[in-house]
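As a plain string of letters, each chain reads:
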Amino acid sequence: FLVMVDPNQCPIAVDFKYKLVDDYTYYVIGGSHLTEAGWKLVKEYPLTPYFKYKKYKVYASVTHEEAKLLAWEHNNDHYYRQKMSCIE
């Protein structure tokens, strides 16, 4: 997942405090499509701990335009993509 810290809480990247990681508000900018698939795998394989954990890249001090570019790059970074319908 790619997430960004609420810019109101951390306007400059060097202000990010790891000890406050659970107190920040985050916005998902890439990878949200994996959430549903992940929960289905957890239900199907409840004893497999691998599916219960996610890896995050956290960005701080990101503008909305930069977040859109990160999301675009994240989606273009995969070798295999399914075609999407208008409904999706």
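This text follows the structure it describes.
So, a few notes on the structure that sits alongside this text. Predicted model only: the values in this text are computed from it and were never measured.

**Some points on the sheet that holds strand S3 (residues 57-59)**
Then, in step 1: Judged by pairing direction, the sheet is mixed, and its three strands sit side by side in the order S2-S1-S3 without closing on themselves. One side of each edge strand has no neighbouring strand; the edge strands of this open sheet are strand S2 (26-30) and S3. The average undirected angle you get between the axes of adjacent strands in this sheet is 30°.
Then, in step 2: Strand direction decides the pairing type here: strand S1 (residues 2-5) and S3, joined by three bridges, are parallel. The partner of valine 3 across the bridge, within S3, is valine 58.

**Overview of the nonpolar core**
Then, in step 1: By size, the foremost hydrophobic cluster in this structure holds five residues: Leu2, Met4, Ile29, Val62 and Ala67.
Then, in step 2: When near neighbours in sequence (up to four residues on either side) are disregarded, methionine 4 contacts Thr25, Tyr26, Tyr27, Ile29, Tyr59, Val62 and Ala67.

**Here's the deal with the environment of alanine 67**
Then, in step 1: Within the secondary structure, alanine 67 is located in helix H2 (residues 64-76).
Then, in step 2: Spatially, the C-alpha atoms of alanine 67 and valine 28 are 9.4 Å apart, while their sequence positions differ by 39 residues.
Then, in step 3: Setting aside residues up to four positions removed in sequence, alanine 67 forms contacts with Met4, Ile29 and Val62.

**Observations regarding unusual backbone geometry**
Then, in step 1: Positive phi, normally seen in glycine, also occurs at serine 61, with a value near 65°.
Then, in step 2: Here serine 61 shows up in the loop between S3 and H2.
Then, in step 3: We classify serine 61 as partly exposed; its relative accessible area is 35%.

**Here we look at the packing of aromatic side chains**
Then, in step 1: Counted by the stated rule, this structure contains five aromatic pairs.
Then, in step 2: Taken together, a centroid distance of 5.2 Å and an interplanar angle of 20° make the contact between phenylalanine 1 and tyrosine 56 stacked. With phenylalanine 1 in the segment before S1 and tyrosine 56 in the loop between helix H1 (33-44) and S3, the pair connects residues that are 55 residues apart, well separated along the chain.
Then, in step 3: With a centroid separation of 5.9 Å and an interplanar angle of 40°, the aromatic rings of tyrosine 45 and phenylalanine 51 are classed as tilted.
Then, in step 4: On the basis of relative accessible area, tyrosine 45 is assigned to the partly exposed category, the value being 39%.
Then, in step 5: Ring-pair connections join several aromatic residues into one group, and the members of that group are Phe16, Tyr24 and Tyr26.

What counts and what doesn't
Residues numbered from 1 in each chain as written. Predicted model: local features only at pLDDT ≥ 70, side-chain atom pairs only at ≥ 80, totals over all residues. Heavy atoms only, no water. Pairing = 2+ DSSP bridges. Helix = DSSP H or I, 4+ residues; strand = E, 2+ residues; numbered from the N terminus. Axes fitted to C-alpha atoms, helices over the stretch in contact; angles between N-to-C directions. Core = buried A, V, L, I, M, F, W, Y, C linked by side-chain atoms within 4.5 Å. Buried < 20%, exposed > 50% of the residue type's maximum accessible area, 1.4 Å probe, protein only. Contact = heavy atoms within 4.5 Å. Phe/Tyr/Trp six-rings, centres within 6.5 Å; stacked < 30°, edge-to-face > 60°.

Taken by themselves, the reported measurements are silent on function.
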